[in-house]
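Analysis of the macromolecular model
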Amino acid sequence: MLEHIFSRARDMRKMVEQDGGNDLLKGRIVACLFYEPSTRTSSSFIAAMERLGGQVIPITQGVQFSSVTKGESLEDTIRTLEQYADVIVLRHPDIGSATRAAHAADIPIINAGDGAGEHPTQALLDLFTIQDELGTVDNLKIAMVGDLRFGRTVHSLTKLLTLFDVSLRYVSPDILRIPMNILNPVIDAGIDVRETNDVSEVIEQCDVLYVTRVQKERFTDMTEYDGVKSYYEITPELMQRAKDKMIVMHPLPRVGEISEAVDDDPRAAYFRQVKNGMFIRMALLAEVLGR
Ligand code: NCD
């Protein structure tokens, strides 16, 4: 299944490079319902749908202008949008919200982030990027750095990576360690895994350095956030110690975890990663709409 989606994503890339777009999803509508801020996820789904000739109901800027502010339940909003659309892309602050929406709906729901829970389409584009950049996923040492507790992209990527023969290194301050319910299946899968709070311990050996932002919006105690917000910064000096063939990834937005001076390093893959997001979402939309 993964290879099928990745191969479709590569076809989408070729098609966009040659023709810019086509009519595969002409007559189809996606509703993008975003209760949390987004730049990449929302615009890549919109661009994906439009490049395939489909159309979008965008509720991405202004849930505050929708009936949500009148107190409408998630279920009722979903049951309404499915009267108009063929698929709903949902981002919502509550863990489990996508599952709730899927129970309420008769049309496909794509989870675009449920609070500190999961972000499965990001994990697909992350894995696709690793394979695209390094040619394989197996036998790689992958280090995830930053907010592993609230960072939903880390949770979903971890689940996908347990399907491969990888080594995992989790680098975070103590209060932002990877949750046990995410770590335990990794251990059960027999994967070589270690936790540390020091990037120095992983920089020389890792093939992928996956950096994340400290998720300010999930903290209830802002002094706790202030204590960890500037814990890491990937700099050109640190990159000098890394392998020649490795990549730095980030789901973005970054707020200081990677110095802008790293952007010109060919190993900085985060903007290529962004572009892959559109191709993966084109493939996913085509799949869920049966085209
Ligand atoms: C991430 C998210 O929303 O979880 N961004 C994204 O979708 N590319 C990461 C983040 O917000 O830090």
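Residues numbered from 1 in each chain as written. Predicted model: local features only at pLDDT ≥ 70, side-chain atom pairs only at ≥ 80, totals over all residues. Heavy atoms only, no water.

**Looking at the site of the ligand**
Around the ligand lies a shell formed by Thr41, Arg91, His119, Gln122, Arg152, Thr153, Arg213, Gln215, Pro251, Leu252 and Pro253. Within the side chain of His119, an N or O atom sits 2.8 Å from an oxygen atom of the ligand. Between Arg152 and the ligand, the recorded distance is 2.7 Å, taken from a side-chain N or O atom to an oxygen atom. Protein burial of the ligand: of its 320 Å² of free accessible surface, 93% is covered by the chains. In this structure the site holding the ligand corresponds to the largest pocket. (Near = heavy atom within 4 Å. Polar contact = N/O pair within 3.5 Å; in protein donor to acceptor, adjacent residues only side chain to side chain. Areas by Shrake-Rupley, 256 points an atom, 1.4 Å probe, with all protein chains shown as cover. 1 Å grid on protein atoms, 1.4 Å probe; cavity = no way out; pocket = protein on both sides within 12 Å on 5 of 7 lines; lining within 4 Å. Sits in = over half its atoms within 2 Å of the grid points.)

**A short note on the pairing of strand 8 (residues 208–211)**
Every second residue of strand 8 is oriented toward a common face, with Val208 and Tyr210 on one face and Leu209 and Val211 on the other, all of them buried. Where strand 5 (residues 141–145) meets strand 8, 4 bridges bridge the pair, whose relative direction is parallel. Bridge pairing in strand 8 places Met144 opposite Tyr210. Bridge analysis of strand 8 against strand 9 (residues 247–249) gives 3 bridges, and the strand direction is parallel. Residue pairing in the sheet places Tyr210 in a bridge with Met249 of strand 9. (Buried < 20%, exposed > 50% of the residue type's maximum accessible area, 1.4 Å probe, protein only. Helix = DSSP H or I, 4+ residues; strand = E, 2+ residues; numbered from the N terminus. Pairing = 2+ DSSP bridges.)

**Some details on empty space enclosed by the protein**
The method is simple in principle: a probe with the dimensions of a water molecule rolls over the atoms, and the space it marks as empty is what remains. A full pass over the atoms with the stated rule returns 1 cavity of 30 Å³ or more. What lines the largest cavity is simply Val145, Gly146, Val211, Thr212, Val214, Val228, Lys229, Ser230, Tyr231, Tyr232 and Glu257. (Points joined across faces, edges and corners; volume = space filled by probe spheres on them.)

**Regarding the environment of Arg177**
Structurally, Arg177 can be placed in the loop between strand 6 (167–171) and helix 7 (180–188). Arg177 gets classed as partly exposed once you look at its relative accessible area, which sits at 39%. Ignoring any residue separated from it by four or fewer positions in sequence, one finds Arg177 in contact with Leu148, Arg149, Ser172 and Glu195. (Contact = heavy atoms within 4.5 Å.)

**Description of the layout of surface pockets**
There is about 450 Å³ of room inside the largest pocket. Arg91, Arg152, Arg213, Leu252 and Pro253 are the residues nearest the centre of the largest pocket, which is lined by 22 residues in total. Looking at side-chain class alone, the lining of the largest pocket contains 5 nonpolar, 10 polar and 7 charged residues. Per-domain counts for the lining of the largest pocket show at least three residues from each of domain 1 (2–115 + 274–288) and domain 2 (120–258). (Nonpolar A, V, L, I, M, F, W, Y, C, P; charged D, E, K, R; others polar. Domains from an automatic or database assignment.)

**Comments concerning the sheet that holds strand 8**
The sheet built from 5 strands is open, its strands ordered 7-6-5-8-9 with parallel pairing. Of all the strands in the sheet, the pair left with one neighbour each is strand 7 (192–196) and strand 9. Put simply, the sheet's adjacent strands are angled 15° from each other on average, direction ignored. The strands touched by helix 7 are strand 6 and strand 7; relative to strand 7, the strand with the most contacts, the crossing angle is about 145°. (Axes fitted to C-alpha atoms, helices over the stretch in contact; angles between N-to-C directions.)

**Some details on the domain arrangement of the protein chain**
Domain annotation for the protein chain reports domain 1 (2–115 + 274–288) and domain 2 (120–258). Here the C-alpha centroids of domain 1 and domain 2 sit 26 Å apart. Taken together, the contacts link 22 residues of domain 1 with 18 residues of domain 2. Contact between domain 1 and domain 2 buries roughly 1700 Å² in total, counting both sides, with carbon and sulfur atoms accounting for 59%. Between the two partners, domain 1 and domain 2, sit 3 salt bridges. (Buried area = accessible area lost by both parts, 1.4 Å probe. Salt bridge = Lys/Arg side-chain N within 4 Å of Asp/Glu carboxyl O.)

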